[in-house]
Amino acid sequence: REVGDHLGQIYEKQGRKQEAANIYALAAASGRITPDPAGRTTMEDRMDRLKEQGIHASYPDPGRELGEQRSVYLPKLTKKYASAEFFIALSPDKVEDVQFIRGDEALKSAGDALRKSNFHMPFPKDSKAKLVRRGILACTPAMEKCQFTLLLPQTTTTQ
């Protein structure tokens, strides 16, 4: 939430008000609220100011949009309900590694499908960095595809 608030402020200063409104909406949907003890202007105040100028977030459901931005879809891997957790190691060009953590045995072989996925993870230009993320793969009979959703970075460790 705090990072989104700062990015929104940067967009506002650059005159990119629509992008600021979108970022504020996504940050607000993240649900983590940190009070401002200094009494400075809050993100909600900045959002209200943009709304008064007729600038609204483009997302009808920012929470859903936030989830979609952290998800990739895989071909249907099972006909029954199944879920599993994985670690994935990402580099600028590809998925470097996939490790099954726990879950339904039917999804243990999903590593190949995850390696072929494009996570659209932004990295700095010419970066050689690797990023480890944790995610949940869920397949349901009603869905045509399985959904892999990256969890927030602070959940990367196992417990």
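As the structure is a computational prediction, the values presented were derived from the model and not from experiment.

Before going further, it helps to examine the environment of Ala-27. Inspection of the secondary structure assignment puts Ala-27 in helix 2 (residues 17–29). The exposure class of Ala-27 is buried, given its relative accessible area of 5%. Considered as a pair, Ala-27 and Glu-2 are 25 residues apart in the sequence and their alpha carbons are 7.5 Å apart. Those residues in contact with Ala-27, other than ones at most four positions away along the chain, are Arg-1, Gly-4, Asp-5 and Met-43.

Now for the packing of helix 1 (residues 2–13) against helix 2. Contact geometry of helix 1 with helix 2 gives a least axis separation of 8 Å together with a crossing angle of 170°. Our classification of the angle between helix 1 and helix 2 gives roughly antiparallel. Each of Gly-4, Asp-5, Leu-7, Gly-8, Gln-9, Tyr-11 and Glu-12 in helix 1 lies in contact with helix 2, whose residues at this interface are Lys-17, Glu-19, Ala-20, Ile-23, Tyr-24 and Ala-27. Residue classes in the contact of helix 1 with helix 2 are distributed as 6 nonpolar, 3 polar and 4 charged.

Thresholds applied
- Throughout, residues of each chain are indexed from 1 in the direction in which the sequence is written.
- Local features in this predicted model are restricted to residues whose pLDDT is 70 or higher, and side-chain atom pairs enter the listing and the counts only when it is 80 or higher, whereas totals over whole chains, interfaces and linings include all residues.
- With hydrogens and water excluded, all non-hydrogen atoms of the structure serve as input to the side-chain values.
- In this text, helices come from DSSP runs of H or I with a minimum length of four residues, and strands from runs of E with a minimum of two, each type numbered from the N-terminal end.
- The buried label goes to any residue with under 20% of its type's maximum accessible area, the exposed label to any with over 50%, and the partly exposed label to all in between, with areas taken from a 1.4 Å probe on protein chains only.
- Should any heavy atoms of two residues lie within 4.5 Å, those residues are considered in contact.
- For helices, the fitted line uses only the C-alpha atoms of the stretch in contact; every axis is such a line through C-alpha atoms, and the angle between N-to-C directions lies from 0 to 180 degrees.
- An angle below 35 degrees is read as roughly parallel, one above 145 as roughly antiparallel, one from 65 to 115 as roughly perpendicular, and any other as oblique.
- Under the grouping applied here, Gly and all other residues not named as nonpolar or charged are polar, the nonpolar ones being Ala, Val, Leu, Ile, Met, Phe, Trp, Tyr, Cys and Pro and the charged ones Asp, Glu, Lys and Arg.

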